[in-house]
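An overview of the molecular structure
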Amino acid sequence: MFQLTEEEAQAMVSQNVIPGRKNLGGFLPYVFTQEGIAMLSSVLHGPRAAQVNIAIMRAFVKLREYLLS
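These notes cover the structure that comes with them. For clarity, every value in this text was computed on a predicted model and none was experimentally measured.

Here we look at the overall build of the protein chain
Helices and strands together make up the secondary structure of the protein chain, namely three helices and two strands. For the protein chain, the succession of helices and strands along the chain, N to C, is β-α-β-α-α. The C-alpha atoms of the protein chain give 14 Å as radius of gyration, which overshoots the globular expectation for 69 residues (11 Å, by more than 25%). When its C-alpha atoms are laid out on the principal axes, the protein chain stretches across 35 × 35 × 20 Å.

Printed below as a string of C-alpha cells:
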C-alpha cells in the first residue's frame with residue numbers, strides 16, 4: 001500500500017477514477033498494488049470478499065493486457 005502523489009491524485013480525479021480531493025477530506029488516497037491485493041485476500045474471508053478480490057485481480061489483468069496492446 002502506498003499514498004498517491006499530488007500529481008497522481010489529480011490525474012485520477014481528472015479521469016473520474018476517484019472523486020475530487022474535497023470528497024476525500026482533502027487527503028491523498030492510499031492505493032494497493034496487485035501483490036498487496038493478493039496479500040489482503042489472504043486475511044479477508046467470506047464469499048463477498050472472494051468475489052471482490054477476483055474482480056480486482058481481473059481488472060489488473062485487463063489493465064496489463066491493455067498496456068501491452
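Comments concerning the packing of helix α2 (residues 34–41) against helix α3 (residues 47–68)
The axes of two packed helices give the description: the angle between them and the distance between them. Where α2 contacts α3, the two axes come as close as 10 Å, and the packing angle between them is 165°. Considering the angle they form, α2 stands roughly antiparallel to α3. The way α2 lies across α3 gives a crossing that is left-handed. Taking contact as the criterion, the partners of Q34, I37, A38 and S41 in α2 are, on α3, N53, I56, M57, F60 and R64. When its residues are assigned to classes, the contact of α2 with α3 shows five nonpolar, three polar and one charged.

Rules behind the numbers
Sequence order sets the numbering: in each chain, residues are counted from 1 along the sequence as written. Where totals are concerned, whole chains, interfaces and linings use all residues; where local detail is concerned, this predicted model gives features only for residues with pLDDT of at least 70, and gives and counts side-chain atom pairs only at 80 or more. In computing side-chain values, all of the structure's heavy atoms are included and hydrogens and water are not. Numbering of helices and strands runs from the N terminus; a helix is a DSSP stretch of H or I covering at least four residues, while a strand is a stretch of E covering at least two. The atom set for the radius of gyration is the C-alpha atoms, and the globule formula is 2.2 Å times the number of residues raised to the power 0.38. Every axis in this analysis is a line fitted to C-alpha atoms, fitted for helices over the stretch in contact. Angles between the N-to-C directions lie between 0 and 180 degrees. Here is the rule for angles: anything less than 35 degrees is roughly parallel, anything more than 145 is roughly antiparallel, 65 through 115 is roughly perpendicular, and the remaining ranges are oblique. For any helix crossing, the convention is left-handed if the near helix is rotated counterclockwise from the far helix by under a right angle, and right-handed if that rotation is clockwise. Contacts: residue pairs with any heavy atoms within 4.5 Å of one another. Here the term charged refers only to Asp, Glu, Lys and Arg, the term nonpolar to Ala, Val, Leu, Ile, Met, Phe, Trp, Tyr, Cys and Pro, and the term polar to all other amino acids, Gly among them.

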